[in-house]
Amino acid sequence: QVQLVESGGGLVQPGGSLRLSCAASGSMFSIYTMGWYRQAPGKQRELVAAINSGGSTNYADFVKGRFTISRDNAKNTVYLQMNSLKQEDTAVYYCNVDLVILATMRRADYWGQGTQVTVSS
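Throughout what follows, the structure given in this document is the object of discussion.

### A word on the pattern of salt bridges
Part 1 of the argument: Under the defined criterion, the tally for this structure stands at five salt bridges.
Part 2 of the argument: Here Arg38 and Glu46 are joined by a salt bridge, their closest N and O atoms 3.0 Å apart.
Part 3 of the argument: What makes Arg38 buried here is its relative accessible area of 6%.
Part 4 of the argument: The exposure class of Glu46 is partly exposed, given its relative accessible area of 31%.
Part 5 of the argument: In this structure, Asp98 engages Arg107 in a salt bridge whose closest nitrogen and oxygen atoms are separated by 2.7 Å.
Part 6 of the argument: Here Arg107 falls in the exposed class, since its relative accessible area comes to 53%.
Part 7 of the argument: Through salt bridges with shared partners, a single ionic network connects Arg38, Glu46, Arg66 and Asp89.

### Things to note about the pairing of strand S7 (residues 67–72)
Part 1 of the argument: Burial of the side chains of S7 is restricted to one face: Phe67, Ile69 and Arg71 are buried, whereas none of Thr68, Ser70 and Asp72 on the reverse face is.
Part 2 of the argument: Inspection of the sheet shows S7 paired to strand S8 (residues 77–82) by six bridges, in the antiparallel sense. Pairing of Arg71 across the sheet is with Val78, part of S8.
Part 3 of the argument: The turn linking S7 back onto S8 is made up of four residues, and Asn76 within it adopts a positive phi angle of 50 degrees.

What counts and what doesn't
Residues numbered from 1 in each chain as written. Predicted model: local features only at pLDDT ≥ 70, side-chain atom pairs only at ≥ 80, totals over all residues. Heavy atoms only, no water. Salt bridge = Lys/Arg side-chain N within 4 Å of Asp/Glu carboxyl O. Buried < 20%, exposed > 50% of the residue type's maximum accessible area, 1.4 Å probe, protein only. Helix = DSSP H or I, 4+ residues; strand = E, 2+ residues; numbered from the N terminus. Pairing = 2+ DSSP bridges.

This is the structure:
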């Protein structure tokens, strides 16, 4: 069984910062790409940023220069540092992890429960 636990969401004023964390636990053989997605009311879920096992990153254009994704492989944790937040960044943010399950040696895609980020004055 694999679990993803997210933390760090909340209410912040425009221009402020938040740091999201997502820790993976359970019987994992290896972890490949870790990423963050978001979904605003009435909109589809979209990729925010991703980082692969080698540390290469990929960002959506709307967060380039403002958000930074990183990971701690020893802790099986991915982070999203969000700076210069805008009202349009308001959404539920979901962690996504591509990994191999130890018991089956099969690759699988896991999602966190989501954490609300609200940017408002």
